[in-house]
Each structure stands twice: as C-alpha cells, then as structure tokens.
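This is what each chain is made of:
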Amino acid sequence: MVNLILLLLILGIIAFLYSSVGHGGGSGYLVVMAFAGGSPLMMKPFALILNLAGSAFSFIGFYRAGNFKFKLFLPFAFGSIPLAYVGGAMTLTDEIYKKILAITILFSIFRMVYHFKENTEMHRDINPIFGILIGGIIGIISGMIGIGGGIILSPVILLMRWGNIKETAAVSALFIFVNSLSGLYGQMQSGGVHLPENMVYAVVATIIGGVLGSYYGSQKFNLPTLRFLLTVGLSIACLKLLLT
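Just so it is clear, the structure is predicted and the values come from calculations on it, not from any experiment.

Summing up its helical and strand segments, the protein chain has 10 helices and 0 strands in all. Taken from the N to the C terminus, the helices and strands of the protein chain come in the order α-α-α-α-α-α-α-α-α-α. Counting all 244 residues of the protein chain, 53% fall into the buried class. Contacts in the protein chain between residues at least 24 apart in sequence constitute 86% of all its contacts with a sequence separation of at least 6. In the structure as shown, the protein chain presents an accessible area of about 11300 Å², 71% of it carried by carbon and sulfur atoms.

A few words on the nonpolar core. One finds Tyr29, Phe46, Leu50, Phe73, Phe76 and Leu153 to be the most contacted residues of the largest nonpolar core, which totals 56 residues. In terms of residue count, the dominant contributor to this core is helix α3 (residues 40-64) (10 residues). With residues up to four places along the chain from it excluded, the contact list for Phe46 reads Leu11, Tyr29, Met33, Leu195, Pro196, Met199 and Ala202.

Attention shifts here to the packing of helix α4 (residues 70-89) against helix α6 (residues 128-145). Their axes nearest at 6 Å, the elements α4 and α6 cross at an angle of 25°. Considering their axes alone, α4 and α6 lie roughly parallel with respect to each other. You can see that α4 and α6 cross each other, and the crossing is right-handed. Contact residues: α4 offers Pro75, Phe76, Phe78, Gly79, Ser80, Leu83, Ala84, Val86, Gly87 and Gly88, while α6 offers Pro128, Gly131, Ile132, Ile134, Gly135, Gly136, Gly139, Ile140, Gly143 and Met144. Among the residues forming the contact of α4 with α6, the class breakdown is 11 nonpolar, 9 polar and no charged.

Here we take up a nonpolar patch on the surface. On the surface, Leu83, Tyr85, Val86, Met90, Tyr185 and Met188 cluster together into a nonpolar patch covering about 490 Å² of accessible area. Contributions of two or more residues to the nonpolar patch are made by α4 and α8 (165-191). When residues in the nonpolar patch are grouped by element, the largest group, 3 residues, is from α4. Among the structural elements, Tyr185 can be located in helix α8.

Moving on to the packing of helix α7 (residues 150-159) against α8. Direction vectors running N to C along α7 and α8 enclose 150°, while the axes themselves pass 9 Å from each other. Put simply, α7 runs roughly antiparallel to α8. When the axes of α7 and α8 are compared, the crossing they make is right-handed. Residues Gly150, Leu153, Ser154, Ile157 and Leu158 of α7 pack against Ile165, Thr168, Val171, Ser172, Phe175 and Ile176 of α8. Of the residues belonging to the contact of α7 with α8, the class tally is 7 nonpolar, 4 polar and no charged.

Turning our attention to the side chain of Thr168. On the secondary structure map, Thr168 appears in helix α8. The residues touching Thr168, leaving out its near neighbours within four places in the chain, are Ser154, Ile157, Leu158 and Gly163.

A word on the environment of Gln187. Mapped onto the fold, Gln187 is located in helix α8. For Gln187, a relative accessible area of 3% corresponds to the buried category. C-alpha of Gln187 to C-alpha of Ala84: the two residues are 103 residues apart in sequence and 9.9 Å apart in space.

To continue, consider the confidence of the model for the protein chain. Looking at the protein chain, the pLDDT average stands at 81 and 84% of residues meet or exceed 70. Between the elements of the protein chain, mean pLDDT differs from a low of 67, seen in helix α10 (residues 224-243), to a high of 95, seen in α4.

Reading the values: the criteria
- Residues numbered from 1 in each chain as written.
- Predicted model: local features only at pLDDT ≥ 70, side-chain atom pairs only at ≥ 80, totals over all residues.
- Heavy atoms only, no water.
- Helix = DSSP H or I, 4+ residues; strand = E, 2+ residues; numbered from the N terminus.
- Buried < 20%, exposed > 50% of the residue type's maximum accessible area, 1.4 Å probe, protein only.
- Contact = heavy atoms within 4.5 Å.
- Areas by Shrake-Rupley, 256 points an atom, 1.4 Å probe, with all protein chains shown as cover.
- Core = buried A, V, L, I, M, F, W, Y, C linked by side-chain atoms within 4.5 Å.
- Axes fitted to C-alpha atoms, helices over the stretch in contact; angles between N-to-C directions.
- Parallel < 35°, antiparallel > 145°, perpendicular 65-115°, else oblique.
- Left-handed = near helix turned anticlockwise from the far one by under 90°.
- Nonpolar A, V, L, I, M, F, W, Y, C, P; charged D, E, K, R; others polar.
- Patch = residues over 30% accessible without salt bridge, like charges linked within 9 Å, V, L, I, M, F, W, Y side chains within 5 Å.
- Salt bridge = Lys/Arg side-chain N within 4 Å of Asp/Glu carboxyl O.
- pLDDT = per-residue confidence, 0-100.

Okay, structure coming up:
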C-alpha cells in the first residue's frame, strides 16, 4: 500500500510539472515504469493513457487562457497522427526501445533545464509542408515508444519562433493528446494492450496533477526547484537506460 501511494504521488508530481509547460509527461511515466522493471508491451499503453489524461486537462487550461493557435497546430497534427498510429503498431526489442527512450529523455532534460525567454520579436509563420514533415517524424517516434511528442515539438516551435511560450504549450498539449490516441489505437490493432493493476488510480493521480499544473503554468508561474529535481531524476534515468 505504501509503495502504491508513493508511486501515485510521483506520477502526480510528474503530471504537474510537465503540464505546467503543456506536456503530457509520457517520458516521465516511462522512466518510472523502466525503473519498476516494466516491459515495452506494458510501458507504451501505460504512458499513452496517462498522456491522454494529463494532456487533455493541460490543453483545457491553456485554451481557456486564450493561448491556442489552431493554424500552428494543424500542420504538425496532419503529419503526426497517421504516423503515430504506424509507430504504435511497431514492436521493438527491449534494448532498442530503451535506447530510443533515453534519447527522447534528453529532449525532456533540455526542455526542463533551458529556460526559454519570451521573445518580443515578430513571430514567423510556419511553412505547412515543413510542419507536416516535422509532425510526421515526431509522430512515428512517439508511437514507437509511447509518448505524445510534445517534449520534442515545443523546443522546435520556440527555437524557430513560430509561437510564444504559452502558445507553444497549448499547441503541444493538444498535439500530445491526438498522438497518444493514435499511437494507442495502433497498438491495440497490432496485438492488444497490456496494462498494470491499479491503472485507474494512476489515471486519477495524473488528472489531478495535470489540472493543477496547467493552472499554474497558464495563469501563475513555474516551479524552478521542483523542475530541477525532475531534471536530475531524468538525467539519472537516461544514464541508466543508455548504460544497461
């Protein structure tokens, strides 16, 4: 019982911190499952379902604050949704899966460590073809390992100056939701979904963390100390996955 409560607390904190920047937390959930000795067959649907819960409420928070730009979201989603389905239907060996996951975690670390400052310069309009291409690449990676892809997409948007910080968070949140749904459906079609016990409790913890995180991220402030601690944990997990 104590272990379950601790696990739920960790999942809630991950959801809170990730949703504060418009992310679902998939890479964080996968780290927890990897340390718990989970297999990719269980890890992928576990993270994708939690992504659906966390990103939905994160998106609602940023959308209500008036930060969503459909024109920015559309080309990424157009490229990513079909390829997230393809990626979700793929089966990887444990070794390849964990190496790709480790590389993805590096994006999470970058997003948590690097503090993007609000750019006062005029934002650029995205080239739709380029957006579809980027979305497709992120989509297939997302489906393969069980993340929504926002942790990869958001630094790209900010570095290319296609949107401001909160617009990026809103677009990333919905991007994660549609990718997670597509990837989960692809996995269901390829051989079913294997979920751990107490999944319902994990979803509830994620929803609570996602709601609070999106509120503080869209309306209040970010929590640098907690995000630093999460970064340290992700760094340790990344090294473990690369070296084992």
